[in-house]
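Residue-level structure breakdown
Below, each chain spelled out in residue letters.
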Amino acid sequence: MMMVSDDCLVECKIDDDSDEYDDREEEQITTPPPPPEFASKVPTPEPKPPTPSTAPATPTPTHTPTSTRTPSPTLPVNRDPHGINQHLKVEVSEVLAEPATPHSIDRVWLHSVVGFEKTRIWTYRCLSLLFAVPLALLCGISLAILACLHVWFVVPCIQLSTTFLPCMRSLCMCGVNVFITPFCTSLALCCSQIAVTLSNKDYHQMRDKETA
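Residues numbered from 1 in each chain as written. Predicted model: local features only at pLDDT ≥ 70, side-chain atom pairs only at ≥ 80, totals over all residues. Heavy atoms only, no water.

Attention now moves to the overall build of the protein. When you go through the protein residue by residue, the secondary structure sums to three helices and zero strands. Each helix and strand of the protein, ordered N terminal to C terminal, gives the series α-α-α. By element, 66% of the accessible surface of the protein is carried by carbon and sulfur atoms, the whole surface being about 21200 Å². (Helix = DSSP H or I, 4+ residues; strand = E, 2+ residues; numbered from the N terminus. Areas by Shrake-Rupley, 256 points an atom, 1.4 Å probe, with all protein chains shown as cover.)

What follows is the structure, encoded as structure tokens:
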């Protein structure tokens, strides 16, 4: 029979106070290791290394940059947003109209209206197919020429004239005050002394000449 040593004994104090007992229960009690006599002779097995999983590894999807495709520009529904050609909206009722008394056959009126609309639409489409692109290019060239002239010729000339006109005005005023004003003043004083008188005899002679 083996004796238990005193080192294996754990001292526990019993207290009737419930609060202290609850506090001691909450504390973690560390027990000392057992003595070597009671220790197992069998060595503890070493932890096995984790075995790799046999499931095939799924490849992580790599984000490949895709070329962003820009949407094709759509033609606007309203091709006249500012209403500059509102007067060209001509309906059939504004051109063809039958009064109540002289009334044609319904089929004739229907085919006339359809023929009017189809002829107007397809004639415009054919003419626009022939002349729209060249005339648009001509308008664009004309506007580009006007813009170029306005930016590089008209506006610089106006700005330069507004810059140099005050200087020219002061020079002209100096020339007028120095040369022209004294001459005109002297001539006016000389002519102010001239007096013209007409007698009755001269008046009658002039009258006779006019009647003759």
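Residues annotated by UniProt as "transmembrane region" (unreviewed entry) correspond here to residues 127-155 and 175-198. Counted over residues 127-155, helix gives 100% and strand 0%. Its end C-alpha atoms are 39 Å apart. (UniProt positions renumbered as here; feature names shortened; annotations may be inferred.)

The pLDDT averaged across the protein works out to 75; a share of 62% of its residues lies at or above 70. Per-element confidence in the protein ranges from a low mean pLDDT of 52 for helix H1 (residues 18-26) to a high of 92 for helix H2 (residues 106-191). (pLDDT = per-residue confidence, 0-100.)

Counted by the stated rule, this structure contains one salt bridge. The salt bridge partner of Arg 120 is Glu 117, with a shortest N-O separation of 2.8 Å. Placement of the pair is Arg 120 and Glu 117 together in helix H2, with a separation of three residues, close to one helical turn. (Salt bridge = Lys/Arg side-chain N within 4 Å of Asp/Glu carboxyl O.)

This brings us to the packing of aromatic side chains. Under the criterion given, the structure shown has zero aromatic pairs. Taking NZ or CZ as reference, Arg 125 lies 4.8 Å from the ring centre of Trp 122, over its face. (Phe/Tyr/Trp six-rings, centres within 6.5 Å; stacked < 30°, edge-to-face > 60°. Lys NZ or Arg CZ within 6 Å of the ring centre and 35° of its normal.)

Right, let's talk about a nonpolar patch on the surface for a bit. A surface patch of nonpolar side chains, about 600 Å² in accessible area, is lined by Ile 141, Ile 145, Leu 149, Phe 153, Val 154, Val 155 and Ile 158. Among the structural elements, Val 154 can be located in helix H2. (Patch = residues over 30% accessible without salt bridge, like charges linked within 9 Å, V, L, I, M, F, W, Y side chains within 5 Å.)

What follows deals with the side chain of Asp 80. With respect to the helices and strands, Asp 80 occurs in the loop between H1 and H2. In this structure, Asp 80 is buried with no salt-bridge partner, the nearest side chain bearing the opposite charge being Lys 89 at 6.6 Å. Here the side chain of Asp 80 touches Gly 83 through a polar contact of 3.1 Å, landing on its backbone nitrogen. Setting aside residues up to four positions removed in sequence, Asp 80 forms contacts with Asn 85 and Gln 86. (Buried < 20%, exposed > 50% of the residue type's maximum accessible area, 1.4 Å probe, protein only. Lys, Arg positive; Asp, Glu negative; His and termini not counted. Polar contact = N/O pair within 3.5 Å; in protein donor to acceptor, adjacent residues only side chain to side chain. Contact = heavy atoms within 4.5 Å.)

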